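A look at the structure
The residues making up each chain are set out below.
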Amino acid sequence: MGDTESCSSTATESTSTKRRMRRQKFDVYEDICQRLRASENEEASQPGFEDELWNHFNRFSSSYSTAVYVEQPEDVIMHMKLLDRAVDPTTRPAFEVRIVQVPVTDVSCGETVHSTRNVDPQTSDGSTRQKQDYKNAI
């Protein structure tokens, strides 16, 4: 009888976890929709956009919603477009490049230098630009 209780308890926990994850996915979806509407994003104002966005979220496991950075909802739209382009063999590989700023860390002492650097998309890892910016920050 103890084994039956254990199995039923595990099934209940699993169901509870799945419900919580689905709820989290829906909450992130709602947050992304709200932010896109508030920013008057052109794609978000198109008919059927919310359905497309929900379908996008449902393509992935619930963990996708934990990986989405809701402060930049435009990234979700970019991800949707990239996946659409990747399906078509004539537009493969699909990628997007943009300049981002990251904090520079002094590797020797583990402290962050109060500066940012632009990652140069022309170098494979931005190392040339990083060394130059690091020298300028000192």
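Structural data are supplied above this passage.
In this report, we go over the structure that sits alongside the text. (Residues numbered from 1 in each chain as written. Predicted model: local features only at pLDDT ≥ 70, side-chain atom pairs only at ≥ 80, totals over all residues. Heavy atoms only, no water.)

1. With respect to the overall build of the protein
Broken down by element type, the protein carries five helices and two strands. Ordered by position from the N terminus, the helices and strands of the protein form the series α-α-α-α-β-β-α. Buried residues in the protein amount to 20% of all 138 residues. A separation threshold of at least 6 residues defines the contact pool for the protein, and within that pool the share at least 24 residues apart is 42%. Surface exposure of the protein reaches about 10100 Å², of which carbon and sulfur atoms provide 50%. (Helix = DSSP H or I, 4+ residues; strand = E, 2+ residues; numbered from the N terminus. Buried < 20%, exposed > 50% of the residue type's maximum accessible area, 1.4 Å probe, protein only. Contact = heavy atoms within 4.5 Å. Areas by Shrake-Rupley, 256 points an atom, 1.4 Å probe, with all protein chains shown as cover.)

2. Structural notes on the environment of Phe26
Positionally, Phe26 belongs in helix 1 (residues 2–38). Along the primary structure Phe26 and Ser62 are separated by 36 residues, whereas in three dimensions their C-alpha atoms are 9.3 Å apart.

3. Considering the packing of aromatic side chains
Taken as a whole and judged by the stated rule, the model has six aromatic pairs. Relative to Trp54, the ring of Phe26 lies with its centre 5.7 Å away and its plane at 75°, an arrangement referred to as edge-to-face. Taken together, the residues Phe26 in helix 1 and Trp54 in helix 2 (residues 49–58) connect sequence positions 28 residues apart. Given the relative accessible area of 27%, Trp54 is considered partly exposed. Here Phe60 and Tyr64 contribute two aromatic rings whose centre-to-centre distance is 4.6 Å and whose plane-to-plane angle is 25°, an arrangement assigned as stacked. The exposure class of Phe60 is partly exposed, given its relative accessible area of 27%. (Phe/Tyr/Trp six-rings, centres within 6.5 Å; stacked < 30°, edge-to-face > 60°.)

4. Digging into the packing of helix 2 against helix 4 (residues 74–87)
When two helices pack together, you describe them by how their axes are tilted relative to each other and by the distance separating the axes. Interaxial distance between helix 2 and helix 4 falls to 11 Å at its minimum, and their mutual angle equals 75°. As summarised for this structure, helix 2 and helix 4 are arranged roughly perpendicular, according to the angle between their axes. Judged by residue contacts, Phe49, Glu52, Leu53, His56 and Phe57 of helix 2 engage Val76, Ile77, His79, Met80 and Leu83 from helix 4. Its residues assigned to classes, the contact of helix 2 with helix 4 comprises seven nonpolar, two polar and one charged. (Axes fitted to C-alpha atoms, helices over the stretch in contact; angles between N-to-C directions. Parallel < 35°, antiparallel > 145°, perpendicular 65-115°, else oblique. Nonpolar A, V, L, I, M, F, W, Y, C, P; charged D, E, K, R; others polar.)

5. Re helix 4
Under the 1.5 Å per step criterion, the end-to-end length of helix 4 is 20 Å for 14 residues, consistent within 8% with the ideal 20 Å. Taken residue by residue, helix 4 has Val76, Ile77, Met80 and Leu82 as its buried positions. (Expected span 1.5 Å × (residues − 1).)

6. Digging into the pattern of salt bridges
Scanning the entire structure with this criterion turns up six salt bridges. Residue Asp31 pairs with Arg35 through a salt bridge whose shortest N-O separation is 3.0 Å. A residue pair is termed a helical-turn pair when its members lie 3 or 4 positions apart in one helix, as Asp31 and Arg35 do in helix 1 at four residues. The closest approach of N and O atoms between Arg37 and Glu50, which form a salt bridge, is 2.9 Å. Pair noted here: Arg37 is in helix 1 and Glu50 is in helix 2, with a separation of 13 residues, a long-range link. The partly exposed category is assigned to Arg37, whose relative accessible area is 45%. One salt-bridge network, held together by shared partners, links Asp31, Arg35 and Glu71. (Salt bridge = Lys/Arg side-chain N within 4 Å of Asp/Glu carboxyl O.)

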